[in-house]
Amino acid sequence: MDQFKNPKLIIRPVTQLTAQHWQLLLLADPSRKLVQDYLQKGTVWEARKDGQSVGIMVLDEIAPSRLEIKNIAVDPKFENQGIATALLHYALHFAKQRRYHRLQIGTGSTSFKQLYLYQKVGFRITGIRRGFFVKNYERPIYENGLWLQDMLVLEIDLAK
Ligand code: ACO
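Attention here is on the structure that accompanies the text. None of the values given here were measured: they were computed from a predicted structure.

**Description of the overall build of the protein chain**
Tallying secondary structure elements over the protein chain gives 6 helices and 9 strands in all. Taking 2.2 N^0.38 as the reference for a compact globule, 160 residues should give roughly 15 Å; the C-alpha atoms of the protein chain span a radius of gyration of 15 Å, in line with that estimate. The principal-axis extent of the C-alpha atoms belonging to the protein chain is close to 40 × 35 × 30 Å. For the protein chain, buried positions account for 48% of its 160 residues. Taking as baseline every contact in the protein chain between residues at least 6 positions apart, the subset at least 24 positions apart corresponds to 65%. Per element, the accessible surface of the protein chain, about 9300 Å² overall, is 51% carbon and sulfur. Looking at the protein chain, you have 23 positive and 15 negative side-chain charges, and the mean spots of the two groups are 3 Å apart.

In structure tokens, the structure reads:
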């Protein structure tokens, strides 16, 4: 398991955002405005390893029974070590404990690593927001050699 891969990983709430946290938040979402919007209501969690912040996650209740992971990012120096997997498992545990029915996450249709990771953890694609990245971002985004236009919405049904 990811926690086994990362025995020294600590996941804890963030009360005061630092410049380092912001760097991570903007890695996942280049729109400072959108991030500021969901930070109004969302709760921020960080993954810490050897005394430093290596990952971040924002959870937001978007409906009474629905929790969304609005933002998740890992410091590039610590990628592919299971840190995002550990954060996703933490979100799942948290959502189940709080009796949410659904856990949701959105990502780009060109975000292949993210799509692999989310489906590996158990998320299933439930929707598409066509043109989301064209309407909401000032500049075109290119990823994996493709123009990113659409958002895919993935969910886990926690009631099952
Ligand atoms: N294609 C497919 N799979 C890949 C690729 C790739 N190009 N590169 C790596 N992988 C696999 C790894 O092998 C690993 O799988 P495994 O556990 O089966 O070996 C998995 O993807 C990565 O798992 P983790 O190590 O748990 O993930 P990591 O800690 O590296 O974090 C994350 C993933 C959050 C996407 C990180 O790369 C990141 O911060 N990227 C930039 C920000 C970002 O895109 N955030 C998500 C945006 S969506 C949102 O915020 C709601």
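Resuming the write-up.
**Comments concerning the site of the ligand**
Near the ligand you find 25 residues, and of these E79, T85, Q114, Y116 and K120 are the closest. A distance of 2.7 Å separates a nitrogen atom of the ligand from a polar backbone atom of I72. Here K120 contributes a side-chain N or O atom positioned 2.7 Å from an oxygen atom of the ligand. Summarising the interface, the protein chains cover 76% of the accessible area of the ligand, which totals 1000 Å² for the free molecule. Judged by the fraction of its atoms near the pocket grid, the ligand is located in the largest pocket. Those elements that provide at least two residues to the shell around the ligand are α2 (19-28), β4 (66-74), α4 (83-97), β5 (102-108) and α5 (112-121).

**Describing the packing of α2 against helix α3 (residues 32-39)**
In contact at an axis separation of 10 Å, α2 and α3 are set at 110 degrees when each is read in the N-to-C sense. It follows that α2 is roughly perpendicular to α3 by the angle criterion. When you trace α2 past α3, the crossing you get is right-handed. Judged by residue contacts, W22, L25 and L26 of α2 engage R32, V35, Q36 and L39 from α3. Class assignment of the residues belonging to the contact of α2 with α3 gives a composition of 5 nonpolar, 1 polar and 1 charged.

**What to know about the environment of K77**
Here K77 lies in the loop between β4 and α4. Placed 35 residues apart in sequence, K77 and F112 show a C-alpha to C-alpha distance of 19 Å.

**Quick look at the pairing of strand β3 (residues 52-63)**
Taken together, the 7 bridges between strand β2 (residues 43-49) and β3 define a ladder with antiparallel strand orientation. Looking at the pairing, V44 lines up with V58 of β3. Bridging between β3 and β4 involves 8 bridges; their strand directions are antiparallel. Paired with L59 across the two strands is I69, which belongs to β4. Here β3 folds back onto β4, and the loop between the two strands holds 2 residues.

Cut-offs used in this document
- Residues numbered from 1 in each chain as written.
- Predicted model: local features only at pLDDT ≥ 70, side-chain atom pairs only at ≥ 80, totals over all residues.
- Heavy atoms only, no water.
- Helix = DSSP H or I, 4+ residues; strand = E, 2+ residues; numbered from the N terminus.
- Rg over C-alpha atoms; globule rule 2.2 N^0.38 Å.
- Buried < 20%, exposed > 50% of the residue type's maximum accessible area, 1.4 Å probe, protein only.
- Contact = heavy atoms within 4.5 Å.
- Areas by Shrake-Rupley, 256 points an atom, 1.4 Å probe, with all protein chains shown as cover.
- Lys, Arg positive; Asp, Glu negative; His and termini not counted.
- Charge placed at Lys NZ, Arg CZ, Asp CG, Glu CD.
- Near = heavy atom within 4 Å.
- Polar contact = N/O pair within 3.5 Å; in protein donor to acceptor, adjacent residues only side chain to side chain.
- 1 Å grid on protein atoms, 1.4 Å probe; cavity = no way out; pocket = protein on both sides within 12 Å on 5 of 7 lines; lining within 4 Å.
- Sits in = over half its atoms within 2 Å of the grid points.
- Axes fitted to C-alpha atoms, helices over the stretch in contact; angles between N-to-C directions.
- Parallel < 35°, antiparallel > 145°, perpendicular 65-115°, else oblique.
- Left-handed = near helix turned anticlockwise from the far one by under 90°.
- Nonpolar A, V, L, I, M, F, W, Y, C, P; charged D, E, K, R; others polar.
- Pairing = 2+ DSSP bridges.

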